[in-house]
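Residues per chain are reported as follows:
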Amino acid sequence: VSPRWLAGKALAALLTLIFVLIFNFFLFRVMGDPTTQLARLPRATPEEIQELRAYYGLDKPVLGQFADYAGDTVRLDLGVSQQTRRSVWDEIGDALPWTILLVGVGTLLATVIGTWLGIVAATRRGTRTDDSLLGFSLFTYAAPEYWIGLILILLFAVAIPIFPAGLQMTPGAEFSSWLDKALDVAEHLVLPATALTLMLLGQYFVIMRSSMVDVLTEDFITVKRAIGLPWARVVRGHAVPNALLPLVTLSAIQFGAVMGGVITIETIFSWPGLGDLSFRAIEDKDFPVLQGTFLVFSVSVILLNLLADALYFVLDPRVQDA
Amino acid sequence: MRAALLGTKRGRVSVAILGLFVFLAVFGALIAPDDPRASSTAVLEGPSAEHVLGTTELGSDVFSQVLAGARVSMVVGLAAAFISSVLGSAVGLIGGYFGGWTDRVFDSFENWFLVIPQLPLMVVLARLLDPSLTVLIAVIGLTSWAGTGRIVRSQVLTLKERAFVERSRALGASDWHIIRALSFLGLGDPTALSWGTMLEHGFAAGAPSAGAWWYVVPPGLCITVLVFAIGLIGYALEQQINPRLQDAR
């Protein structure tokens with residue numbers, strides 16, 4: 001682990017970005033040529049199709065098309081939604097803050113609770129607490145997140161109606177203050193954020209638990225205990241910081257799965273973020289929007305992976321010792 | 001291997017559960033009390049003597065749908081898992097064995113597939129192609145091999161990348177609900193009856209907000225229990241294969 005290693009990671013991320021661009025281009029050009037969709041329209045004449053091909057730049061050679069596409073993408077011109085005729089970038093801009101809010105809260109809760117439960121279980125290994133925590137987290141891990149979402153609606157929006165079942169705020173409500181509005185949003189956030197938390201919790205728990213178990217059996221811990229340090233201090237001061245490292249990588253790897261969860265959970269709760277936007281784009285066969293959201297999903301995962309690598313670099317004790 | 005599976009209570013229970021689901025996949029449609037697709041006027045009714053798990057929005061018997069839906073759910077899952085593990089093993093073996101440039105190329109390919117978010121990718125592919133079971137299986141198989149590839153490669157090189165193996169094992173299990181997620185989003189074969197499509201139809205018909213728990217709980221529970229059992233079996237097998245994991249427990 002060195003600055004050179006980090007530079008290598010950054011270069012790899014850049015290459016991955018380029019790969020994603022190429023991939024995205026061919027995926028939609030080759031498989032989803034917009035004119036093949038339009039050609040299915042009953043009264044499209046060959047001339048009209050030709051006109052459309054020219055409009056989309058499809059009559060140019062492939063390399064030229066790719067250059068156009070890459071240039072447009074870099075300038076954040078992602079085309080126009082076939083459904084709303086608004087620019088895809090505007091659609092994404094409207095949706096993005098809602099997804100960041102949901103993902104941020106869900107990931108934060110899952111990390112904190114999962115890590116904490118993992119520590120609890122590892123320090124009580126083999127006890128009944130350990131067993132039931134393991135069982136619970138494996139169950140939430142095995143359960144599909146959209147099903148967890150539906151169950152949450154059944155329980156806390158229908159059977160005991162304490163939380164709204166969908167949307168991000170009460171429709172048509174007038175808010176007297178900024179705080180009122182925030183509280184209303186928070187109320188709507190509870191169920192989708194819980195679903196996301198439960199989806200992610202299990203992995204954090206399992207990794208933290210096994211990482212802690214590993215660290216607790218290492219020699220330096222035995223030494224710290226032998227010189228008479230209290231157990232709680234050994235756990236908090238020495239075992240936990242060392243065990244946390246794999247978690248950083250996990251959160252990055254998890255992020256791809258989070259993006260999947262975002263699609264289903266936002267769909268269930270009509271949460272107006274990127275997932276909901278993609279779902280509507282699937283239903284309407286709105287390819288420019290689908291292409292745009294796919295790009296944003298991929299780019300954010302790549303960037304977050306790079307961020308995790310950088311964080312790993314900062315946190316790794318071997319770097320600090322040097 | 002037999003000892004690993006049947007030696008513990010956990011292993012026996014998981015094998016029994018998996019056996020039950022395999023049985024349902026083969027015979028489920030035959031032992032279903034009703035025609036799972038038959039509609040009736042008894043719409044979204046709760047459990048009764050006649051309909052043990054109530055009825056759907058079209059008045060079909062939920063219990064019969066759960067039994068009959070096992071087949072598509074299991075077949076799609078197994079076929080996709082098969083493709084993804086064959087592909088992953090091949091890429092991992094070749095890369096790890098030959099090393100050098102081959103490995104570097106294969107490895108970056110794996111990295112790309114690990115980084116590109118899987119469900120969004122599958123959603124895009126499934127939407128661009130026309131929905132059918134074959135497309136569904138191919139799309140899942142072709143997009144989810146990278147985790148396996150990474151495990152196999154590290155096994156070929158050394159056995160030391162433990163944290164990664166653990167993580168990817170978990171990823172392997174997640175294939176199973178990703179499959180259901182595609183069906184849930186309406187990207188599966190619309191005519192096939194599976195637990196995923198049951199949840200999709202239930203959701204689209206507003207079953208959760210109508211409080212129709214009998215329609216929502218059973219298919220999701222089947223998926224959960226199946227994934228849970230497969231996870232435990234994988235875990236037991238891995239402990240047998242990799243002795244280091246045994247020590248760490």
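Residues numbered from 1 in each chain as written. Chains lettered and ligands numbered in written order. Predicted model: local features only at pLDDT ≥ 70, side-chain atom pairs only at ≥ 80, totals over all residues. Heavy atoms only, no water.

Asker: How would you sum up the overall build of chain B? Please name residues and give values.
Answerer: From N to C terminus, chain B includes 11 helices and zero strands. When the helices and strands of chain B are read in sequence order from the N terminus, they spell out α-α-α-α-α-α-α-α-α-α-α. Within chain B, the proportion of its 249 residues that are buried is 53%. Sequence-distant contacts in chain B: of pairs separated by 6 or more residues, those separated by 24 or more amount to 68%. For chain B, the accessible area works out to roughly 10,800 Å², and carbon and sulfur atoms hold 67% of it. (Helix = DSSP H or I, 4+ residues; strand = E, 2+ residues; numbered from the N terminus. Buried < 20%, exposed > 50% of the residue type's maximum accessible area, 1.4 Å probe, protein only. Contact = heavy atoms within 4.5 Å. Areas by Shrake-Rupley, 256 points an atom, 1.4 Å probe, with all protein chains shown as cover.)

Asker: Before we move on, could you go through unusual backbone geometry and cite the residues and values that matter?
Answerer: With glycine set apart, most residues show a phi of negative sign, and most peptide bonds adopt trans. Residues and elements named next belong to chain A. For R85, which is not glycine, the phi dihedral falls at a positive 65 degrees. Tracing the sequence through the fold places R85 in the loop between α4 (62-74) and α5 (88-123). R85 gets classed as exposed once you look at its relative accessible area, which sits at 56%.

Asker: I'd like a description of the environment of I265 of chain A, backed by residues and values.
Answerer: Residues and elements named next belong to chain A. Summarising the element assignment, I265 is placed in helix α11 (residues 245-268). Exposure remark for I265: the relative accessible area of 1% places this residue in the buried category. Residues I265 and G275, 10 residues apart in the sequence, show an inter-C-alpha distance of 7.8 Å. Setting aside its immediate chain neighbours within four residues, I265 contacts E145, P192, A195 and L196.

Asker: Residues and numbers for the nonpolar core, please.
Answerer: With 121 residues, the main nonpolar core has L27 and M212 of chain A together with W195 of chain B as its most contacted residues. Of all the elements, helix α8 (residues 178-216) of chain A adds the most residues to this core, at 17 residues. Grouped together as the second largest cluster of nonpolar side chains are six residues, L117, V120, L134 and F205 of chain A included. (Core = buried A, V, L, I, M, F, W, Y, C linked by side-chain atoms within 4.5 Å.)

Asker: Lay out helix α6 (residues 128-142) of chain A in plain terms, naming residues and giving numbers.
Answerer: An ideal rise of 1.5 Å per residue puts 21 Å on 15 residues; α6 of chain A measures up with 21 Å between its terminal C-alpha atoms. Along α6 of chain A, the residues classified as buried are D130, L133, L134, S137, T140, Y141 and A142 of chain A. (Expected span 1.5 Å × (residues − 1).)

Asker: An account of a nonpolar patch on the surface is needed here, citing residue identities and associated values.
Answerer: All names here are of chain A. A cluster of nonpolar side chains, namely L11, L14, L15, I18, I22, F26 and V62, defines an oily patch on the protein surface of about 620 Å² accessible area. With six residues, helix α1 (residues 3-31) is the largest single contributor of residues to the nonpolar patch. For L14, the position within the fold is in helix α1. In this structure L14 comes out as partly exposed when scored by relative accessible area, which is 49%. (Patch = residues over 30% accessible without salt bridge, like charges linked within 9 Å, V, L, I, M, F, W, Y side chains within 5 Å. Salt bridge = Lys/Arg side-chain N within 4 Å of Asp/Glu carboxyl O.)

Asker: Tell me about the pattern of salt bridges, and name the residues and values.
Answerer: Pairing between side chains of opposite charge can happen when their charged atoms approach one another. All names here are of chain A. Inspection of the entire model under this criterion finds five salt bridges over all chains. Measuring nitrogen to oxygen at the nearest pair gives 3.5 Å for the salt bridge that ties R280 to D276. You can see R280 and its partner D276 sitting in helix α12 (residues 274-284), four residues apart, about one turn around the helix. The structure contains a network of salt bridges with shared partners spanning R86, E91 and D94.

Asker: Explain the environment of L6 of chain B to me, and be specific about the residues and the numbers.
Answerer: All names here are of chain B. Along the chain, L6 turns up in helix α1 (residues 2-6). Between the C-alpha atom of L6 and that of T134, which follows or precedes it by 128 residues, the distance is 34 Å. Among all residues touching L6, those that are not within four sequence positions of it are R12 and V15.

Asker: So what's going on with a negative patch on the surface? Residues and values would help.
Answerer: A cluster of acidic residues, D34, D35, E45 and E50 of chain B, forms a negative patch on the protein surface. Within the element layout of this structure, E45 of chain B appears in the loop between α2 (9-31) and α3 (62-98). (Lys, Arg positive; Asp, Glu negative; His and termini not counted. Charge placed at Lys NZ, Arg CZ, Asp CG, Glu CD.)

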